[in-house]
Amino acid sequence: MITNHRIDLDRLMGRIRALGEVGSLPGGGVCRLALSDADKAGRDLVSGWMRDAGLAVTVDAIGNVVGSRKGETDGPMVLVGSHIDTVATGGLYDGNLGVLAGLEVIDVLNDLGLTTHHPVGVAFFTNEEGARFAPDMMGSGVHQGALSLETCLATAGIDGATVGEELQRIGYAGETPAGSVTPRAYFELHVEQGPVLEEAGIAIGAVTGVQGISWTEYTVAGVSNHAGTTPMRLRHDAGYVAAEIAVEARRIARDIGGDQVATAGAIELDPGLVNVIARSARITVDLRNTDDLLLREAEAQMAARVVELEKSEGVTIAARSLARFAPVGFDEAFVSLVAETAQKLGHTAMRMPSGAGHDAQMFAPNCPTAMVFVPSAGGISHNVEEYTAPDEIAAGANVLLQMVLSAAGR
Ligand code: HGY
Ligand code: MN
Ligand code: MN
Ligand code: MN
């Protein structure tokens, strides 16, 4: 049943812009890498807004922050969440929209003086991006028992510090046990981060699930030598091997089929000088597919190519898995409810899988979970130009509002 309650778009946009000032980059965009000073500042700002909205705010042992609003009953809450950490070249909307739209839902309940039957909560989870500390979805993974708290706390990031050290340093090593609370239902509003909705001219994505994700870091040990004097037959060139791994990733994406994607996102050479054959290389490969069998085939083909390169170039290659999450499906009844709610509000909607990983995928095995997508201009994200128009944000936030009202019993 659709009520005539609606979000306050100016209030929501004001918060999106205010949070976007934290860790803002010259020329636009945001850098709030997980557990950095900028992330702390963002956390302080949003948890302050949670307290202003009268929420009881808890911080758990992995730094997840949950604001909860009492209902008539004390049972499990209807939880709205996402993340406020960003990649280094982030936009204003990835993750932030979902958290701030959840806060907007709370404000609407407060404005109306509504007491819901079930408690309602809004959360931001630690290190969803995985850009500084792998894997991604770390906080929500611990929250829902998919990842070990101890292993995550001990995880060192790309700059050497561990998650546990950084949580202590920024004051977000919480007291609340992590990995203990399963909500009654979980909702996440998120920008699509791809071109599908915009190309189809559709306002709302009813997300059917999240594709499988496989991240591997390869460390190549070669022999540095003189770029001019060393005959090609005597080289053990780590730079060349890293390049071949990147080319193989692209070939796999082309040949595996399905909607296979592959990315060599980080490539570092040592010493990285024009006239020195690289003695070592670090390269990451991100493979994804909605079909887990095809994803495993992609992983196997990459592993086989790495063995070939070790032999042919006479180098040593160490592979380290940074993340692996199988594809996840969302509760079919909720997927349909997203589409129906959108249409009752007068918006077009389509069912679609998510190409990006999300905190929602950690909740899906444990409770009814729904994701609502809104379009990304030009299909871009993880890019400072990321943009979604205010009216598109209003459509998504109003679908979220109605779904929470329905699940929480207004
Ligand atoms: O990598 C992802 O899909 C997400 O942005 N963490
Ligand atoms: Mn995100
Ligand atoms: Mn992201
Ligand atoms: Mn996400």
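The protein has the name Zn-dependent hydrolase in an unreviewed UniProt entry, where Rhodobium orientis is given as its organism.

Draft legend 1. Local environment of the coordination of the manganese ion (ligand 2). Around the manganese ion (ligand 2), the protein supplies His 83 (NE2), Asp 94 (OD) and His 190 (NE2) as donor atoms, at distances of 2.1 to 2.3 Å. Mapping the donors of the manganese ion (ligand 2) onto the primary sequence gives the spacing H-x10-D-x95-H. The metal-metal distance between the manganese ion (ligand 2) and the manganese ion (ligand 3) is 3.5 Å, with Asp 94 coordinating both. With Asp 94 in the loop between strand S3 (78-82) and helix H3 (96-112) and His 190 in strand S5 (residues 185-191), this pair connects stretches of sequence that are 96 residues apart. Just as Asp 94 is buried, His 190 falls in that class too.

Draft legend 2. The arrangement of unusual backbone geometry in detail. In this structure, Pro 135 follows Ala 134 across a cis peptide bond, with omega equal to 5°. In this model, Asp 270 is joined to Pro 271 through a cis peptide bond whose omega is 5°. Mapping Pro 271 onto the fold places it in the loop between strand S10 (267-270) and strand S11 (276-277). With a phi angle near 55°, Met 137 is a residue other than glycine that sits in the positive phi range. Its place among the elements puts Met 137 in the loop between strand S4 (120-124) and helix H4 (138-143). One non-glycine residue, Gln 193, adopts positive backbone phi at about 70°.

Draft legend 3. Layout of the UniProt feature "binding site: Zn(2+) 2" (unreviewed entry) in the protein. With numbering aligned to this structure, UniProt lists the feature "binding site: Zn(2+) 2" (unreviewed entry) at Asp 94, Glu 129 and His 382. Look at the named residues: they lie 289 residues apart in sequence, but the longest C-alpha span between them is just 9.9 Å, so in the fold they bunch up. Aside from chain neighbours lying at most four places away, what touches Asp 94 is His 83, Glu 129, His 190, Val 191, Gln 193, Ser 381, His 382 and Glu 386. Of note is the side chain of Asp 94, whose polar atom sits 2.9 Å from the side chain of Gln 193. With respect to the helices and strands, the residue Glu 129 is situated in the loop between S4 and H4. Judged by relative accessible area, Glu 129 falls into the buried class, the value being 7%. Beyond its immediate chain neighbours, meaning those up to four positions away, Glu 129 contacts His 83, Asp 85, Thr 86, Val 87, Asp 94, Asp 136, Trp 215 and His 382.

Conventions used here
Residues numbered from 1 in each chain as written. Chains lettered and ligands numbered in written order. Predicted model: local features only at pLDDT ≥ 70, side-chain atom pairs only at ≥ 80, totals over all residues. Heavy atoms only, no water. Donors = N, O, S within 2.8 Å, 3.2 Å for Na, K, Ca; no water. Helix = DSSP H or I, 4+ residues; strand = E, 2+ residues; numbered from the N terminus. Buried < 20%, exposed > 50% of the residue type's maximum accessible area, 1.4 Å probe, protein only. UniProt positions renumbered as here; feature names shortened; annotations may be inferred. Contact = heavy atoms within 4.5 Å. Polar contact = N/O pair within 3.5 Å; in protein donor to acceptor, adjacent residues only side chain to side chain.

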